[in-house]
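Single-letter residue listing:
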Number of protein chains: 4
Amino acid sequence: MVKVLGINGSPRPYGNSFQTLKLALRAAELEGAEVELVNLYEFEIKPCLGCVSDNVKACVYPCPINDDMVKLYPKVIECDGLIISSPIYWFGVSGLLKNFLDRLTVLENMIYVDGRSWLDGKVVGFIAVGSDEGAIALISNLMAVTNSFGMVIPPWALAYYVGEGSALEDSKLLLDSANVGRIVTLMAQVLKGLRKPPTVWYRADDYYRKLIHDIATEIRSNVEYELGITPP
Amino acid sequence: MVKVLGINGSPRPYGNSFQTLKLALRAAELEGAEVELVNLYEFEIKPCLGCVSDNVKACVYPCPINDDMVKLYPKVIECDGLIISSPIYWFGVSGLLKNFLDRLTVLENMIYVDGRSWLDGKVVGFIAVGSDEGAIALISNLMAVTNSFGMVIPPWALAYYVGEGSALEDSKLLLDSANVGRIVTLMAQVLKGLRKPPTVWYRADDYYRKLIHDIATEIRSNVEYELGITPP
Amino acid sequence: MVKVLGINGSPRPYGNSFQTLKLALRAAELEGAEVELVNLYEFEIKPCLGCVSDNVKACVYPCPINDDMVKLYPKVIECDGLIISSPIYWFGVSGLLKNFLDRLTVLENMIYVDGRSWLDGKVVGFIAVGSDEGAIALISNLMAVTNSFGMVIPPWALAYYVGEGSALEDSKLLLDSANVGRIVTLMAQVLKGLRKPPTVWYRADDYYRKLIHDIATEIRSNVEYELGITPP
Amino acid sequence: MVKVLGINGSPRPYGNSFQTLKLALRAAELEGAEVELVNLYEFEIKPCLGCVSDNVKACVYPCPINDDMVKLYPKVIECDGLIISSPIYWFGVSGLLKNFLDRLTVLENMIYVDGRSWLDGKVVGFIAVGSDEGAIALISNLMAVTNSFGMVIPPWALAYYVGEGSALEDSKLLLDSANVGRIVTLMAQVLKGLRKPPTVWYRADDYYRKLIHDIATEIRSNVEYELGITPP
């Protein structure tokens with residue numbers, strides 16, 4: 001069994017970042033992953049203090065800052081795959097997500113204690129959604145960051161949508177984000193020796209398109225229900 | 001008279017981001033600017049809530065979030081030039097600075113109220129310092145962001161240093177950061193009709209090098225004194 | 001009088017990059033600029049040889065490579081404003097345009113001969129058009145490059161469009177690209193002492209919108225005519 | 001057996017990009033790969049014509065442009081791993097390499113013919129070397145591009161060096177670039193079912209450091225010999 005953790009970096013409940021991430025995680029479940037979705041806005045995450053500037057060994061796990069990261073670190077440590085969903089805020093991730101990412105440095109820095117990054121070999125995928133441009137600038141940065149953490153970026157690990165309205169109405173985004181969930185799971189399974197590499201990574205057949213479309217419809221309907229009883 | 005505001009995005013008192021910014025502001029003063037240095041870590045700055053996703057007019061000044069940005073907005077509104085100094089955190093700005101920048105959206109969005117961004121025509125310069133690479137990735141992003149706010153990027157508006165130790169020992173950084181302060185000031189003066197454009201923007205003559213070197217020595221000496229009485 | 005040079009980095013005659021650049025140049029003319037449009041595909045531009053790695057003074061004007069850059073350098077040297085229009089090729093500029101930009105290093109490097117970059121103080125604006133994402137990644141890079149050349153980036157110096165079909169049918173792109181042409185011209189005039197800074201840089205009034213729309217219609221109609229008699 | 005192809009994007013024979021790539025390929029051989037190094041400057045590679053703008057199916061293999069890419073496509077198609085080494089030219093790849101990358105679009109676009117990118121599942125690593133900053137901006141872009149081609153980015157797939165002098169004198173670069181070669185090979189072997197995933201991807205033990213150091217010394221000595229008999 002592989003565990004896939006979804007990180008929602010948007011401050012907004014039930015918005016496009018959440019919905020698209022939800023779809024990716026549903027697609028991960030279809031491949032046999034155990035999944036969990038974390039809304040960062042539900043946690044207090046203070047900015048990194050940059051202790052590493054004084055001494056690289058001052059920045060190791062556990063991080064000296066006392067906040068809700070204490071609840072999030074174990075989830076990251078235990079996952080085999082990570083899917084990061086960010087709204088596009090001025091051509092980059094939200095400040096909320098930036099603080100989370102900066103704070104992961106303690107896990108990478110375990111290389112100075114254990115000879116091994118605690119993120120080494122985990123698989124990662126990316127979702128970026130916004131009303132203005134910048135998805136590739138955002139995702140390019142996340143790729144360099146997570147790969148420097150020691151993470152694996154499997155094929156087609158990126159899904160993005162730039163525009164107004166509901167992202168899940170865009171058929172390309174639907175398929176791309178489902179494949180992010182699917183491919184992160186498959187790669188994590190391969191790297192744990194649980195399965196052979198697939199012949200084709202990106203799935204785009206009609207049966208799959210229909211399946212994903214139906215799941216997306218269900219997600220949107222649930223979100224509308226939630227928003228109905230939980231006014232924004 | 002022009003006002004130049006320096007924003008220190010580092011969480012660390014008296015570090016390289018602070019020292020380099022201090023130098024840039026001293027160079028701005030030499031050209032006649034009134035300057036102020038703000039350490040973001042002294043203020044509580046909550047993450048942007050992305051209200052703009054609901055309605056562009058929900059994101060206008062004053063921002064509905066209740067925190068210390070109420071003290072910072074007037075400083076940004078009143079300045080003619082802005083110098084942003086960031087540590088390089090995973091190839092980007094600190095989360096602290098990202099939150100500050102995201103929260104400036106309300107000023108840019110005044111275009112929907114007044115027909116004019118409240119940042120339109122202000123001049124901006126950039127400093128990035130870190131122990132690992134990523135300065136250009138960071139500054140490229142800030143250039144696109146601030147230009148989209150409506151700000152002017154004058155010639156040679158970037159100074160960066162990647163390495164260990166004291167940034168102010170690097171002679172190229174010294175001259176580059178002093179010129180950021182100088183050039184932001186000159187451009188702000190030109191755009192206010194206070195002076196003619198200079199013949200040469202970047203100043204690198206021996207007299208200026210010596211002057212900047214002496215100021216840098218004084219800044220480092222003051223920092224050592226402060227750190228002596230305020231242990232890190 | 002100021003001269004504004006438009007560089008079309010697309011290999012395609014009469015495509016979106018060309019049309020959008022044409023519109024920006026027409027808007028520049030409205031403000032009194034003398035304009036010229038260069039299609040890079042009409043010139044042989046060999047890749048930079050990186051002589052600067054041996055010796056910084058080996059990379060000064062005139063560039064030792066013998067090709068059509070000899071016709072383009074004088075145009076760049078004489079212009080007061082430059083507008084770079086690039087198609088989005090894999091989240092960056094075309095290889096054609098990259099070669100052109102790399103070859104401009106000799107002008108910047110005159111700083112080692114004259115104490116002054118030959119691009120110092122020129123004004124620059126950017127247009128990026130493509131069918132897939134990456135406009136901001138592309139423009140962010142160009143901003144850092146041209147600012148490192150010593151060029152001025154005036155407010156709102158970026159216009160971009162991501163999508164299929166004719167870019168000039170997008171009303172936001174129309175207004176943004178016209179303003180790139182307008183604002184590059186105004187800033188060049190200010191920096192030559194030919195006029196005072198404008199009160200508002202970005203023009204969006206109804207009269208201007210109508211005017212730009214009409215010019216765009218004329219450009220598209222001319223392009224259709226050209227494509228009719230000059231099959232692609 | 002896996003094949004690893006090294007692409008040298010520098011126009012300069014025997015320079016830092018070449019030497020570092022050579023080291024990565026030697027490290028790949030140590031893990032059992034069959035390797036080949038291609039100097040792009042030995043081939044005529046014309047700029048992409050952007051046919052995809054007219055019709056996505058106009059951009060499929062074989063590319064209609066008649067030049068030396070006809071010799072390079074088979075090498076790319078047959079490799080299991082690809083290592084791209086670029087000099088840092090204005091915060092991005094060389095124009096030479098940009099043309100090569102743009103021209104690979106026909107392979108990715110086979111998705112419209114075969115339902116599968118011809119680059120799907122190949123493994124890729126990156127080397128960037130230059131005298132000025134920009135390595136991360138360059139590599140971030142290449143990561144987004146190659147992942148959009150369908151390629152796998154294994155852990156720690158990036159090595160970079162910014163500075164003057166011989167890159168191979170920098171011990172961090174040595175180890176990082178050897179690991180790029182090593183890890184690209186291991187991942188390609190895992191994905192072909194030739195071996196199990198390694199426990200630790202990045203190797204930094206003393207024995208390996210010594211081995212890599214010795215290989216680097218040999219490479220530098222060979223280069224000096226070549227430069228002696230082939231004046232630059």
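Structure shown above.
All figures in this text were calculated on a predicted structure; none of them were measured in a lab.

S.K.: What am I meant to see in the overall build of chain A here?
M.R.: Per the secondary structure count, chain A includes 8 helices and 5 strands. Secondary structure of chain A in N-to-C order comes out as β-α-β-α-β-α-α-α-β-α-β-α-α. The C-alpha radius of gyration of chain A comes to 17 Å, within 12% of the 17 Å expected for a compact globule of 232 residues. The burial tally for chain A puts 62% of its 232 residues in the buried class.

S.K.: How should the interface of chain D and chain A be read in this particular structure?
M.R.: Accessible area lost during the coming together of the parts is what is often quoted as the interface size. Facing 31 residues of chain D, the contacting portion of chain A comprises 31 residues. Carbon and sulfur atoms make up 65% of the surface buried where chain D meets chain A, a total of about 2,300 Å² over both sides. Here chain D and chain A share 0 salt bridges between them. When residues of the side of chain D that touches chain A are traced back to their parent elements, those giving at least two are α6 (135-149) and α7 (171-191) of chain D. The leading source of residues in the side of chain D that touches chain A is α6 of chain D, at 8 residues. Taken together, the residues of the side of chain D that touches chain A sort by class into 20 nonpolar, 8 polar and 3 charged.

S.K.: Looking at this structure, how should I read the sheet that holds strand β4 (residues 123-130) of chain D?
M.R.: Backbone-to-backbone hydrogen bonds pair the strands of a sheet. The strands run either parallel or antiparallel. Residue and element names in this part refer to chain D. Read from one edge to the other, the open sheet built from 5 strands follows the order β2-β1-β3-β4-β5, with strand pairing classed as parallel. On the outer flanks of this sheet lie β2 (34-39) and β5 (158-162), each paired with one strand and no other. Direction aside, the axes of adjacent strands within the sheet are offset by 15° on average. Relative to β2, strand β1 (residues 3-8) runs parallel, the two being bridged by 6 bridges. Bridging across to β2, V4 finds its partner in V35.

S.K.: Please explain unusual backbone geometry as it appears in this structure.
M.R.: Peptide bonds are, in most cases, trans, and in most cases residues other than glycine have a negative phi. With an omega dihedral of 0°, the bond running from Y61 of chain A to P62 of chain A counts as a cis peptide bond. Among the secondary structure elements, P62 of chain A is positioned in the loop between β2 (34-39) and α2 (69-78). Unusually for a residue other than glycine, Y14 of chain C sits at a positive phi of about 65°. When its relative accessible area of 22% is taken as the criterion, Y14 of chain C is described as partly exposed.

S.K.: Sorry, what's going on with the relation of the copies chain D and chain A here?
M.R.: Applying a rotation about an axis and a shift along it to one chain copy brings it onto the other copy. Mapping chain D onto chain A is achieved by rotating through 180° and translating by 0.0 Å along the same axis, at an RMSD of 0.0 Å. The transformation just described matches what one would write down for a two-fold rotation axis.

S.K.: Help me understand the relation of the copies chain D and chain C, please; the structure alone is not making it clear to me.
M.R.: With an RMSD of 0.0 Å, chain D superimposes on chain C once it is rotated by 180° and translated 0.0 Å along the axis. Mapped onto chain C, 100% of the interface residues of chain D are again interface residues, and the two copies thus contact each other with one and the same surface.

S.K.: Even after reading the chapter, I still don't get the interface of chain D and chain C, so can you show me in this structure?
M.R.: Opposite the 28 residues of chain D that make contact, chain C presents 28 residues. A buried area of about 2,200 Å², summed over both sides, lies between chain D and chain C, and 56% of it is on carbon and sulfur atoms. By the criterion of area lost to chain C, the three top residues of chain D are R12, W90 and K98 of chain D, representing 32% of everything that side buries. On inspection of chain D and its partner chain C, the count reaches 2 salt bridges. Among the ionic pairs, D54 of chain D bridges to R12 of chain C, the shortest N-O distance being 2.4 Å. When its residues are assigned to classes, the side of chain D that touches chain C shows 14 nonpolar, 9 polar and 5 charged.

S.K.: What am I meant to see in the environment of Y61 of chain A here?
M.R.: All names here are of chain A. Relative to the assigned elements, Y61 resides in the loop between β2 and α2. Along the backbone, Y61 and K192 are 131 residues apart, and their C-alpha atoms lie at a distance of 24 Å. Look past the residues within four positions of Y61 in its chain and what remains in contact with it is Y73, I77, V106, L107, M110 and W118.

S.K.: Mind showing me how you'd approach the packing of helix α7 (residues 171-191) of chain A against α7 of chain D here?
M.R.: How two helices pack is summed up by the angle between their axes together with the distance between the axes. Two elements in contact, α7 of chain A and α7 of chain D, have axes separated by 10 Å at closest approach and are oriented at 95°. What the angle tells us is that α7 of chain A and α7 of chain D run roughly perpendicular. Between α7 of chain A, through M187, V190 and L191 of chain A, and α7 of chain D, the contact on the second element is made entirely by M187, V190 and L191 of chain D.

S.K.: Mind showing me how you'd approach the pattern of salt bridges here?
M.R.: Here the idea is simple: oppositely charged side chains can pair when their charged atoms come close. Residue and element names in this part refer to chain B. Applying the stated rule across the entire model yields 60 salt bridges over all chains. Between R182 and E31 there is a salt bridge, and its shortest N-O distance comes to 3.4 Å. Residue R182 is found in helix α7 (residues 171-191), and its partner E31 is found in the loop between α1 (16-30) and β2 (34-39); the two are separated by 151 residues along the sequence. Using a relative accessible area of 8% as the deciding quantity, one classes R182 as buried.

S.K.: Where do I start with the side chain of T146 of chain B in this structure?
M.R.: Tracing the chain through its elements places T146 of chain B in helix α6 (residues 135-149). The contacts of T146 of chain B, once residues within four sequence positions are left out, are I84, V124, F126, M151 and I153 of chain B.

S.K.: Got a minute to help me understand α6 of chain B in this structure?
M.R.: Helical periodicity: at 3.6 residues per turn, an α-helix aligns residues three or four positions apart in one direction. All names here are of chain B. The end-to-end C-alpha separation of α6 is 21 Å, in line with the 21 Å expected for 15 residues at 1.5 Å each. For α6, a buried count of 13 out of 15 residues is recorded, marking the element as mostly surrounded by other parts of the structure. After α6 finishes, the residue G150 shows a positive phi value of roughly 105°.

S.K.: What exactly am I supposed to notice about the packing of aromatic side chains here?
M.R.: For any pair of aromatic rings, geometry is given as the distance between the ring centres together with the angle between the planes. The tally for this structure, following the rule as stated, stands at 24 aromatic pairs over all chains. Measuring from ring centre to ring centre gives 5.4 Å for Y61 of chain C and Y73 of chain C, while their planes differ by 80°; the resulting arrangement is edge-to-face. Remark: Y73 of chain C occurs in helix α2 (residues 69-78) and Y61 of chain C occurs in the loop between β2 (34-39) and α2; sequence separation between them is 12 residues. Among the aromatic residues, ring-to-ring pairing joins Y61, Y73 and W118 of chain A into one connected group. In this structure, K172 of chain C is placed above the aromatic ring of Y160 of chain C, and the distance from its NZ or CZ to the ring centre is 5.6 Å.

S.K.: For this particular structure, what's the right way to read the sheet that holds strand β4 (residues 123-130) of chain B?
M.R.: Residue and element names in this part refer to chain B. Across the sheet, which stays open at both edges, the 5 strands sit in the order β2-β1-β3-β4-β5 with parallel pairing between neighbours. The two strands at the open ends of the sheet, each matched to only one other strand, are β2 and β5 (158-162). Across this sheet, the average inter-strand angle for adjacent strands is 15°, counted without regard to direction. As defined by bridge partners, strand β1 (residues 3-8) adjoins strand β3 (residues 81-87) across 5 bridges and the pair is classed as parallel. Across the sheet, the residue bridging to L5 is L82, located in β3. The sheet contacts of helix α3 (residues 95-103) involve β1 and β3, and relative to β3 the element is tilted by about 150°.

S.K.: Just checking my understanding: could you explain helix α1 (residues 16-30) of chain D for this structure?
M.R.: Residues and elements named next belong to chain D. Taking 1.5 Å of rise per residue, 15 residues should cover 21 Å, and α1 covers 21 Å from first to last C-alpha, within 8% of that figure. For α1, every residue scored as buried is listed here: N16, S17, F18, Q19, T20, L21, L23, A24, L25, A27 and A28. At the C-terminal side of α1, G32 shows a positive phi close to 105°.

S.K.: Any chance you could explain the environment of A24 of chain C here in plain terms?
M.R.: Following the sequence through the fold, A24 of chain C ends up in helix α1 (residues 16-30). Leave out the neighbours within four places in its chain, and A24 of chain C touches I83, I127, S177 and G181 of chain C.

S.K.: Would you take a moment to explain the environment of C51 of chain A for this structure?
M.R.: Within the fold, C51 of chain A resides in the loop between β2 and α2. Classification of C51 of chain A as partly exposed rests on a relative accessible area of 23%. With sequence-adjacent residues up to four places away left out, C51 of chain A is seen in contact with A58 and P64 of chain A together with R12 of chain B.

What counts and what doesn't
- Residues numbered from 1 in each chain as written.
- Chains lettered and ligands numbered in written order.
- Predicted model: local features only at pLDDT ≥ 70, side-chain atom pairs only at ≥ 80, totals over all residues.
- Heavy atoms only, no water.
- Helix = DSSP H or I, 4+ residues; strand = E, 2+ residues; numbered from the N terminus.
- Rg over C-alpha atoms; globule rule 2.2 N^0.38 Å.
- Buried < 20%, exposed > 50% of the residue type's maximum accessible area, 1.4 Å probe, protein only.
- Contact = heavy atoms within 4.5 Å.
- Buried area = accessible area lost by both parts, 1.4 Å probe.
- Salt bridge = Lys/Arg side-chain N within 4 Å of Asp/Glu carboxyl O.
- Nonpolar A, V, L, I, M, F, W, Y, C, P; charged D, E, K, R; others polar.
- Pairing = 2+ DSSP bridges.
- Axes fitted to C-alpha atoms, helices over the stretch in contact; angles between N-to-C directions.
- Least-squares fit on C-alpha atoms with pLDDT ≥ 70 in both.
- Parallel < 35°, antiparallel > 145°, perpendicular 65-115°, else oblique.
- Expected span 1.5 Å × (residues − 1).
- Phe/Tyr/Trp six-rings, centres within 6.5 Å; stacked < 30°, edge-to-face > 60°.
- Lys NZ or Arg CZ within 6 Å of the ring centre and 35° of its normal.

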